[in-house]
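# An overview of the molecular structure
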Amino acid sequence: MKHTISVLLQNKPGVLSRVTGLFSGRGFNIESLSVAETLEPSISCLTLVTRGDEAIIEQITKQLHKLIDVIKVTDVGDSEYVEREMVLIRVKAEAQTRAEVLRVIDIFRGKVVDVSPKSYAVEVTGSASKVQAIIDILKPIGIQEIVRTGTIAMARASKK
Amino acid sequence: MEKISGSQAIIRCLQEEGVKIIFGFPGGAVIDLFDALMDSDITNVLVRHEQGAVHAADGLARVTGEVGVALLTSGPGATNGVTAIATAYMDSIPMVILTGQVPTPLIGNDAFQEVDIVGITRPCTKHNYLVKDVKDLVPTLREAFHIARTGRPGPVLVDLPKDIVAKMVDFTEKKPIRMQTYQPTYEPHPGQIEKACKKIIKAKNPVLYVGGGVILSNANEELTELARKLNIPVTMTLMGLGGFPGSDPLSMGMLGMHGSYAANMAVANSDLLIAVGARFDDRVTGRLDAFAPHATIIHIDIDPTSISKNVKVDIPIVADCKHALTAMNTWFNNASDFNRDQVAASHEPWRATIDEWTKKHPMSYHSEGEIIKPQYVVEMLDKLTNGDAIITTEVGQNQMWAAQFYKFNKPRQWATSGGLGTMGYGLPAAIGAKMAFPDKTVIDVAGDGSIQMNIQELATARQYKTPVKIAILNNNYLGMVRQWQELFYNKRYAGTVMEVTPDFVLLAKAYGAVGLRATKTSEVEAVIKEALATDNTVIMDFVIAREECVFPMVPAGKATTEMLLV
């Protein structure tokens, strides 16, 4: 099962390597990882996507929490949440495909962020599956380069 | 506010924490600290190898319960300490390791004797620090001691760049430490305690499975009270020996790979396993699906990651062992809806079954006349020290025989590398223990292989007049691996024959220590008596039955009931 785990940690040198070292040392996998400062500059928020059965996810959560620099660990999937990923795609766009590429971008509510005579650079955000979908659609046209951010996630606020 | 140098501030911090002895080895990056130590009341013990420094501090920590401290220089000094730091980490021993580091402007430049020791020790310390600003020096050291001794204890490393230590700093007053991100749970959840106690009342075949956590939290009395009150048989892990009196009729001795027949059978047939400060290590469980297959499992541990890591637990109790056991004893004392004597009496048939197992296969060995049996040597050590010595060990057969045949009746009289299994642990650990308790007899039970891994510490023992005794069970083999080769590798003794071994009697003399040798069973007692009566470091070289094996033995990957017996 895929799990999105959100970790609040001290924004100090070496903290990220404590997290990644924990994963490699204990044989847990990381599918994606994204980290940046929070409103409080001394605290970072790290979102990681991992896979495992219930016991493994329980160990991952506990082991993360055991790290001295970790403040809070949340398995985001325990409640309703929104997740987003961003991708930058450089796709081939020559005379016969330029219009088709633009149509696809429009369908995925993407943006062209760089133009050259033979290519577009496109920005798309959405769930990991939406990002994967546009990649799959553009692949036959000719993707020259992609950069993905990895998933970030946030629990939905209570509706009451 | 008072301005003092960084190195003086470090010493003040050590004094604040009650440190009396530290173990170290100097080098360019820590000269300032060594210099400042000369003017302090802290004994700075010069070892002969950095691994010895950290093991000695570890030995001191295990027998006293205090935080052990080692001081190493940068680069190779620090890396030489890594094995010993990992040893302490695996066994949850409270330690602070101070390492020198090159001056901050040189960090990252591949400077002379520079190594990223914080990076290297990240997976084998509870936490570690690189102090980059002298303002952080004192708070960091205080935090390091706090983290080392609280919660599940462990080693904490503080890396100290030379220029930081040389700077002047305000020595601020110590305030209680409160860390936002680190608050171990000491008190058990009352609901879980009640659930556990109610299960215990109903159990027909309960077993207490006791690990090192009971020693670390000084919970031996509370555990003994619980076991005796309700008549529950007890088995201990290698780390838990002494947590319950080994001579008590309720004690089944050690369990696991080289545990007693009765202990392994009892766990396999129990309907309730009460794990206290133990972590279901593979050397304890054997094949996991066959471990305590009929039992409901209660698990008390201060570290939540230990719970349900290897074995699914039914009633988890995250708490300090002492607090949890106290809460359980209180519950049993106050609960009115059950008859304690009746519950205790209801376990009699179970105890009778266990006694049958013990009678059928007691911890034993075959005597062979004048050929010295290693088990006999350990039995004699036990007898001639009235079971009251501090025993350290190396790793391998010597360690298992010591664990099986010395009756540990008290906590903190046993120091052995359990989790990591570090050969070379015993001698430096014995030195640390002896320095903590100069009036106690301290014996390192060793093999001829592992004693050579830190034999240089004989000089330390001599320099500081630390008369530890070393009992070498000499079979001219790396015996435990040889045993596996005999049993599972068609007796192909690859790399286990010690074709050249020093003459340990002469070696002792070379260091100014005393060397004694026994080659016959009838000589063993006299040699031990003479060693104990000698006010000097003594090596006893016992030439033992060469191919003696440690039994019982659960082959790796087998169920614990599938024991090879004597």
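The residue numbers shown here count from 1 along each chain, following its written sequence. Written order determines the labels here, with chains lettered from A and ligands numbered from 1. This being a predicted model, a pLDDT of at least 70 is required before a residue's local features are given, and a value of 80 or more before pairs of side-chain atoms are given or counted; all residues contribute to the totals for chains, interfaces and linings.

Each helix is a run of H or I in the DSSP string that is no shorter than four residues. Each strand is a run of E no shorter than two, and both are numbered from the N terminus. Across its full length, chain A holds four helices and nine strands. Counted from the first residue to the last, chain A has its helices and strands arranged as β-α-β-β-α-β-β-α-β-β-α-β-β. Once C-beta atoms are placed from the backbone, each residue is buried if 20 or more other C-beta atoms lie within 10 Å of its own, exposed if 12 or fewer, and partly exposed for counts between those two. With 160 residues in all, chain A has 23% of them scored as buried. Considering only contacts within chain A whose residues lie at least 6 apart along the sequence, 73% involve residues at least 24 apart. Contact criterion: two residues are in contact if their C-beta atoms, reconstructed from the backbone, are within 7 Å.

Assigned secondary structure in chain B consists of 23 helices and 20 strands. Computed over C-alpha atoms, the radius of gyration of chain B comes to 24 Å, within 12% of the 24 Å expected from 2.2 N^0.38 for 566 residues, which places it in the range of a compact globule. Along the first, second and third principal axes, the C-alpha atoms of chain B reach 70 × 60 × 40 Å. Each radius of gyration is computed over the set of C-alpha atoms, and the globule rule expresses the reference value as 2.2 Å times the number of residues to the power 0.38.

Below, the discussion takes up the interface of chain B and chain A. With 12 residues of chain B at the contact, the number on the chain A side is 16 residues. Three classes are used: nonpolar for Ala, Val, Leu, Ile, Met, Phe, Trp, Tyr, Cys and Pro, charged for Asp, Glu, Lys and Arg, and polar for all others, with Gly counted as polar. Grouping the constituent residues of the side of chain B that touches chain A by class yields five nonpolar, five polar and two charged.

With that out of the way, let us pick up the domain arrangement of chain B. Residue and element names in this part refer to chain B. These domain boundaries are the output of an automatic or database domain assignment. If you check the domain split of chain B, you get domain 1 (3-170), domain 2 (190-360) and domain 3 (374-543). For domain 1 and domain 3, the distance between their C-alpha centroids amounts to 29 Å. Listed as interface residues are 25 residues of domain 1 and, on the opposing side, 27 residues of domain 3. Listed by contribution, the elements that provide at least two residues to the side of domain 1 that touches domain 3 are strand 2 (21-24), strand 3 (43-46), helix 3 (50-64) and helix 5 (82-90). Ranked by residue count, the leading element in the side of domain 1 that touches domain 3 is helix 3, at 11 residues. In terms of residue class, the side of domain 1 that touches domain 3 is made up of 11 nonpolar, 10 polar and four charged.

Residues and elements named next belong to chain B. For helix 5, the buried fraction is high: eight of the nine residues fall into the buried class. On its buried face, helix 5 sits against helix 3, helix 4 (76-80), strand 5 (95-101), helix 6 (117-121) and strand 7 (155-161). In the segment just after helix 5, S92 is the residue with positive phi, at about 55°.

Let us look at unusual backbone geometry. Residues and elements named next belong to chain B. Of note, the amide linkage connecting F551 to P552 takes the cis form, showing an omega dihedral of -5°. Its place among the elements puts P552 in the segment after strand 20 (538-543). The backbone of N218 shows a phi angle near 55°, a positive value even though the residue is not glycine. Within the secondary structure, N218 is located in the loop between helix 10 (212-216) and helix 11 (220-230). For N218, a count of 15 C-beta atoms within 10 Å translates into the label partly exposed. Of note in the backbone geometry, N476 takes a positive phi value of approximately 60° without being a glycine. Structurally, N476 is set in the loop between strand 18 (469-474) and helix 21 (479-488).

With respect to the helices and strands, the residue D41 of chain B is situated in the loop between helix 2 (31-38) and strand 3. Accessibility expressed as a C-beta count within 10 Å gives 8 for D41 of chain B, which makes it exposed.

The subject of this paragraph is the domain arrangement of chain A. All names here are of chain A. By the assigned domains, chain A splits into domain 1 (2-78) and domain 2 (82-155). When each unit is reduced to the centre of its C-alpha atoms, the spacing between domain 1 and domain 2 is 28 Å. At the junction of the two partners, domain 1 supplies eight residues and domain 2 supplies seven residues. Secondary-structure elements contributing two or more residues to the side of domain 1 that touches domain 2 are strand 1 (2-10), strand 2 (32-37) and strand 3 (43-51). Sort the elements by how many residues they give to the side of domain 1 that touches domain 2 and strand 2 lands first, with three residues. Taken together, the residues of the side of domain 1 that touches domain 2 sort by class into three nonpolar, five polar and no charged.

This paragraph deals with the pairing of strand 7 of chain B. Residue and element names in this part refer to chain B. A large share of strand 7 lies buried, amounting to seven of its seven residues. Covered by surrounding structure in strand 7 are P155, L157, D159 and P161 together with V156, V158 and L160, the residues of both alternating faces. Alignment of strand 5 against strand 7, held across seven bridges, turns out to be parallel. Across the sheet, residue M95 finds its bridge partner in strand 7, namely P155. When the strands point away from the viewer, a crossover counts as right-handed if the path from the first strand over the helix to the second runs clockwise. Of the crossover connections in this fold, the one passing from strand 6 (residues 127-130) over helix 7 (residues 134-149) to the parallel strand 7 is right-handed. Pairing between strands requires that DSSP locate at least two bridges from one strand to the other.

What follows covers the sheet that holds strand 2 of chain A. Residue and element names in this part refer to chain A. Strands sit in the order 2-3-1-4 across an open sheet of four strands; the sheet is antiparallel. Either end of the sheet is taken by a strand with one partner, and the two such strands are strand 2 and strand 4 (70-75). Across this sheet, the average inter-strand angle for adjacent strands is 15°, counted without regard to direction. Bridge count between strand 1 and strand 4: five bridges; the pairing is antiparallel. If you follow I5 over to strand 4, its bridge partner there is D75. Together, strand 1, strand 3 and strand 4 form the strand contacts of helix 2 (residues 54-66), whose direction differs from that of strand 4 by roughly 160°. Here the axes come from fitting lines to C-alpha atoms, over the contacting stretch only for helices, and the angles between their N-to-C directions go from 0 to 180 degrees.

Let's shift gears to the environment of S116 of chain A. All names here are of chain A. Mapped onto the elements, S116 comes out in strand 6 (residues 111-116). Judged by local crowding, S116 falls into the exposed class, with 9 C-beta atoms found within 10 Å. Along the sequence, S116 and T47 sit 69 residues apart, while their C-alpha atoms lie 34 Å from each other.

Attention now moves to the sheet that holds strand 12 (residues 272-276) of chain B. All names here are of chain B. Strands sit in the order 11-10-9-12-13-14 across an open sheet of six strands; the sheet is parallel. Either end of the sheet is taken by a strand with one partner, and the two such strands are strand 11 (251-254) and strand 14 (315-318). Taken pair by pair, the neighbouring strands of this sheet meet at an average axis angle of 15°, ignoring direction. Across three bridges, the pairing between strand 9 (residues 206-210) and strand 10 (residues 234-236) is parallel. Residue pairing across strands places Y209 opposite T235, the latter belonging to strand 10.

So, about the confidence of the model for chain B. In regions of low pLDDT, the predicted coordinates are not meant to be interpreted in detail. The share of residues in chain B with pLDDT of 70 or more is 100%, and the mean pLDDT across the chain is 97. Interface confidence for the predicted complex, expressed as ipTM, amounts to 0.92; the pTM equals 0.96. You can read pLDDT as the predictor saying how much it trusts each residue, on a scale of 0 to 100.

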